[in-house]
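# Survey of secondary and tertiary structure
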Amino acid sequence: MLYVIICEDVPNSLENRLKTRPAHLKRLETLKAQGRLILAGPHPSIDASDPGTAGFTGSLVVAEFPSYEEARAWADADPYNEAGVYAQVTVKPFRRILP
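Residues numbered from 1 in each chain as written. Predicted model: local features only at pLDDT ≥ 70, side-chain atom pairs only at ≥ 80, totals over all residues. Heavy atoms only, no water.

### Considering the nonpolar core
Of all hydrophobic cores here, the largest spans 16 residues; its most connected members are Ile5, Val61, Phe65, Trp74, Tyr86, Val89 and Val91. Those elements giving two or more residues to this core turn out to be strand 1 (2-9), helix 1 (14-33), strand 3 (56-64), helix 2 (68-76) and strand 4 (86-94). Not counting residues up to four positions away in its chain, the partners in contact with Ile5 are Ser59, Leu60, Val61, Phe65, Ala71, Trp74, Ala75, Val89, Thr90 and Val91. (Core = buried A, V, L, I, M, F, W, Y, C linked by side-chain atoms within 4.5 Å. Buried < 20%, exposed > 50% of the residue type's maximum accessible area, 1.4 Å probe, protein only. Helix = DSSP H or I, 4+ residues; strand = E, 2+ residues; numbered from the N terminus. Contact = heavy atoms within 4.5 Å.)

### A short note on the environment of Glu69
Relative to the assigned elements, Glu69 resides in helix 2. What makes Glu69 exposed here is its relative accessible area of 56%. Note: C-alpha distance between Glu69 and Val91 (22 residues apart in sequence) is 9.5 Å.

### Regarding helix 1
Over its 20 residues, helix 1 runs 27 Å from end to end, which matches the ideal 28 Å to within 8%, given 1.5 Å per residue. The principal kink in helix 1, of about 55°, is found at Arg21, preceding the proline Pro22 by one to four residues. For helix 1, the set of buried residues is Leu14, Arg17, Thr20, His24, Arg27, Leu28 and Leu31. (Expected span 1.5 Å × (residues − 1). Bend = angle between axes of the 7 residues up to and from the residue.)

### What to know about the sheet that holds strand 3
As summarised here, the arrangement of the 4 strands in space is 2-3-1-4, forming an open sheet in which the pairing is antiparallel. Since the sheet does not close on itself, it has two edges, and those belong to strand 2 (37-44) and strand 4, each with one partner. Between one strand and the next, the sheet's axes are offset by a mean angle of 10°, whatever the strand orientation. Most of the contacts of helix 1 go to strand 3, to which it runs at about 10°, and overall it touches strand 1, strand 2, strand 3 and strand 4. Along the sheet, helix 2 makes contact with strand 1, strand 3 and strand 4, crossing strand 4 at roughly 155°. (Pairing = 2+ DSSP bridges. Axes fitted to C-alpha atoms, helices over the stretch in contact; angles between N-to-C directions.)

Okay, here's the thing in structure tokens:
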């Protein structure tokens, strides 16, 4: 089943986010290689694809997991979460309709 992982950053997370980014991307690449990643990316703090020093307010991941528990465990073990970048992480089942 698909799950959406909605992550909200703590204030002023940019420095910590940039430091932890390689490990975060490595995990996403693993999901992609397994054919389980639908989409992933950050939420810029401002209306720009590159927000510069304004940073980000969170992230979104949509991926396939065998169960809610496994999706939750994957989200909890994310390097951003472990490094304190995220203030809150929500995991929900997702039913894809389009495209």
